[in-house]
Amino acid sequence: MIRLHRILVVGLVVALLAPIPGAAQQSTLPPELAALADSGVTVDLLASDIFPPSVDASALRLERLTPGPVAEQTTNTLGPEFWYVEAGTLILAKEGGESKTYQAGERTLILDVSSVSYRIEGSDCPSVIRLALRTVFAMEVSSDLAGPDLGAEVAKCPAAGTLFKIGTDLAVPAGPAFAFVARMTFPSEDFPTNRTFSGPVGYSPESGSLGINVSSAASTLLVPGSWVVVNGNEPHGVSGSGGEPATALVAGLVASGESVAPTATVPPPPTVATGVQDSTYRSPTYGYSVNWDDSWTVAAESSADGSDLLQLNNGVSDVYFQSYGNYTGDPAACVASIVEQFPTRPGWSNVEPMRTAGGDPIAGGETTRAYAVYTFSYTVDAATTDYVEYLECRALVPGQSVLVVTQIAPREAYPEQVESMRALLDGLVVP
């Protein structure tokens, strides 16, 4: 599988997402964050908890959830994670359990695998922040895709979506860990002090320009809508830029400062509920299905916040079926919106339409379906490889929801993968 994310992860995000229930929150800052506050950074702790050394922090993902296309949403959690209500009301229930209500400023903790239903309500931009330490990444290759442009009508409130994420080779604290979400304001400094955290920390600016100077990479200037995740033990400096302070949502996992683990225990890594049965998948939210032969294996599967994902791999190609609600455009507009994002994906270059022998772009479609094929180069760790991406959008409910199908394969192997992809599409059934 192609990995498009490094230990230092930087991205521009336009995604779709979701919320969850409680425990008491620790408000005392651990030494690493206390030192940050003492240096002049304003640290407003929104949600936190201490986890024992045995916690399996295999990822770090922060996302904002807003009301979905239908009032009642469902999602799977892997734990540990917590949800913080920014505005409005969160009503959440585990499978078979009673629902609980959380108001703005409250948070809830989930330690184990669970299927939950939730509703986010309110008249003034209701939203929930979700921090997960274990997660199945939807579309590791095309995670920067984040779905088609939903239009300007959703721009008046903070956008739902992935604020940042990292999930490979995490450096985490050796002892009890302090997981947190905070709103921080960084003063403007010409030469910010380098700091090293014991675990991964992500930054998602809300206002102003945030300068990030990482010792192992070039300096980065972040504005609202962009993000960076710096892995543990990576020295870096952060400050406002342009002579003005900057405010950002900051979340991560750092040493708690405790010498012993708390008494609470975290269950062993769970399995995730799945829409896969044998060699067939049925979308839990939208009901479309796809089947495959034994040359394909399931690499990932998830359902959250109105978006269902299936990822298949045959040793050469990665194929993704990902559905989105709240999409009012047609399939052709969906393809065009995603293609516009290609040149901005980290590591991508030389993006060009793939052409027939006669020189025509390989693209087309009809009322309920549109497709296009592009070539691109991908560079990671100074190594560059050429790939092909097949992209298709299909209307699930015209004007309401869409299915995005993506195939990525090495360019030299793509011709022999066309028939395998065609067979998958032949097995796709949309209600």
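Residues numbered from 1 in each chain as written. Predicted model: local features only at pLDDT ≥ 70, side-chain atom pairs only at ≥ 80, totals over all residues. Heavy atoms only, no water.

1. Some remarks on the environment of Gly232
Rules: For the purposes of this entry, the term helix denotes a DSSP run of H or I that reaches at least four residues, the term strand denotes a run of E that reaches at least two, and both are numbered from the N terminus. The contact definition used throughout considers only heavy atoms, calling two residues in contact when any of these lie within 4.5 Å.
Checked against the element boundaries, Gly232 lands in the loop between β16 (226-230) and β17 (236-240). Put simply, Gly232 and Leu253 are 21 residues apart on the chain and 8.6 Å apart in space, counted from C-alpha to C-alpha. Filtering out sequence-adjacent residues up to four positions away, Gly232 remains in contact with Ala171, Phe197, Ser198, Gly199 and Pro200.

2. Quick word on helix α1 (residues 31-38)
Note the following rule: Residue exposure (1.4 Å probe, protein chains only): buried if accessible area is under 20% of the type maximum, exposed if over 50%, otherwise partly exposed. Regarding the arc, it is the one traced by the directions from the helix axis to the C-beta atoms.
Residues Glu32, Leu33 and Leu36 constitute the buried set of α1. The arc that holds every buried residue of α1, seen down its axis, measures 95 degrees, which confines them to one face. Summarising the geometry of α1, the exposed residues directed more than 90 degrees from the buried face are Pro31 and Asp38. The inward-facing, buried residues of α1 abut β2 (42-51), β12 (177-186) and β18 (246-255). Immediately beyond the C-terminal end of α1, within one or two residues, lies Gly40, with a positive phi of roughly 110 degrees.

3. Looking at the confidence of the model for the protein
Quick note on the threshold: A residue's pLDDT is simply how confident the predictor is in it, with values from 0 to 100.
Considering every residue of the protein, the mean pLDDT works out to 80; 83% of them sit at 70 or more. Below a pLDDT of 50 lies the segment residues 1-27, which in the model reaches 123 contacts outside its immediate sequence neighbourhood of four places, other chains included. A low-confidence stretch, residues 136-147 (pLDDT under 50), is modelled with 54 contacts involving residues beyond four sequence positions or located in other chains.

4. Some points on the sheet that holds strand β10 (residues 127-132)
The condition is simple: We treat two strands as partners when DSSP finds at least two bridges between them. Interaxial angle, 0 to 180 degrees, is taken between N-to-C directions of lines fitted to C-alpha atoms, where a helix line uses only the stretch in contact.
Read across the open sheet, the five strands follow the order β8-β5-β10-β3-β11; overall the sheet is antiparallel. Lying at the two open borders of the sheet, with one neighbouring strand each, are β8 (107-110) and β11 (161-166). Each strand of the sheet is rotated relative to its neighbour by a mean of 15 degrees, with strand direction disregarded. Note that strand β5 (residues 81-87) and β8 share four bridges and pair antiparallel. The residue bridging Trp83 from the neighbouring strand is Thr108, located in β8.

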